[in-house]
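# Observations on the model geometry
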Amino acid sequence: MPSERVRPPWWLKYVNKVMIGLSKVGVGGDKGPVVLTVPGRKSGKLRSTPVTPMTVDGRRYVVGGLPGADWTANVRAAKEATIHQGRRAHRVRMVEMSPGEARPLLREFPILVPTGVSFMKNAGLVTGPHPDEFEALAGRCPVFRLDPL
């Protein structure tokens with residue numbers, strides 16, 4: 001996979017902590033962000049990040065919104081993760097989609113996860129909610145399928 005890395009905005013770490021805290025008390029419901037927890041590839045220490053899954057044809061997927069993000073490297077190494085939604089948690093196998101498999105899923109992203117559009121726009125990856133621009137991110141922004149264990 002590409003080694004390109006987009007530097008996260010300075011505020012992301014703080015916003016992620018707030019989102020994780022809100023998720024733990026159940027804010028967001030069944031359709032909002034979840035907390036993905038995976039062991040660090042070097043330390044083995046559990047690392048958590050909020051992600052917003054999307055459902056396409058009955059399967060759940062998450063998009064790595066920043067090329068080179070640590071959480072995506074950790075997922076690639078671990079292959080499995082825990083998804084926390086409120087007080088519920090379940091284990092999933094994280095299957096990375098090839099660029100060809102990712103293209104149609106990335107086209108759906110701005111429709112199914114509109115909150116992710118502004119994030120990716122601010123990162124300079126897209127100019128707006130145009131499916132063609134998101135499809136063009138295949139191979140740059142990873143897409144993972146969440147398979148229940």
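Structure's up top.
An account of the accompanying structure is given in this report. (Residues numbered from 1 in each chain as written. Predicted model: local features only at pLDDT ≥ 70, side-chain atom pairs only at ≥ 80, totals over all residues. Heavy atoms only, no water.)

## Remarks on unusual backbone geometry
As a reminder of what qualifies: Labels follow the DSSP assignment, with helices taken as runs of H or I lasting at least four residues and strands as runs of E lasting at least two, numbered in each case from the N terminus. Each residue's exposure class comes from its accessible area (1.4 Å probe, protein chains only) as a fraction of the maximum for that residue type: buried when under 20%, exposed when over 50%, partly exposed otherwise.
Within the chain, Asp-57 stands out as a residue other than glycine whose phi angle is a positive 50°. One can find Asp-57 in the loop between β3 (54-56) and β4 (59-63). Since its relative accessible area comes to 77%, Asp-57 is described here as exposed. Backbone geometry at Lys-79 places phi at a positive 70°, although glycine is not the residue there. Inspection of the secondary structure puts Lys-79 in the loop between α2 (70-78) and β5 (80-85).

## Here's the deal with the environment of Met-120
Here is the rule: Throughout, a contact is declared for two residues whenever any of their heavy atoms are within 4.5 Å.
Mapped onto the fold, Met-120 is located in helix α4 (residues 114-122). C-alpha separation for the pair Met-120 and Pro-110, spaced 10 residues apart in sequence, amounts to 9.9 Å. Apart from residues lying up to four places away in sequence, Met-120 is in contact with Val-63, Gly-65, Phe-109, Leu-125, Val-126, Phe-134, Leu-137 and Cys-141.

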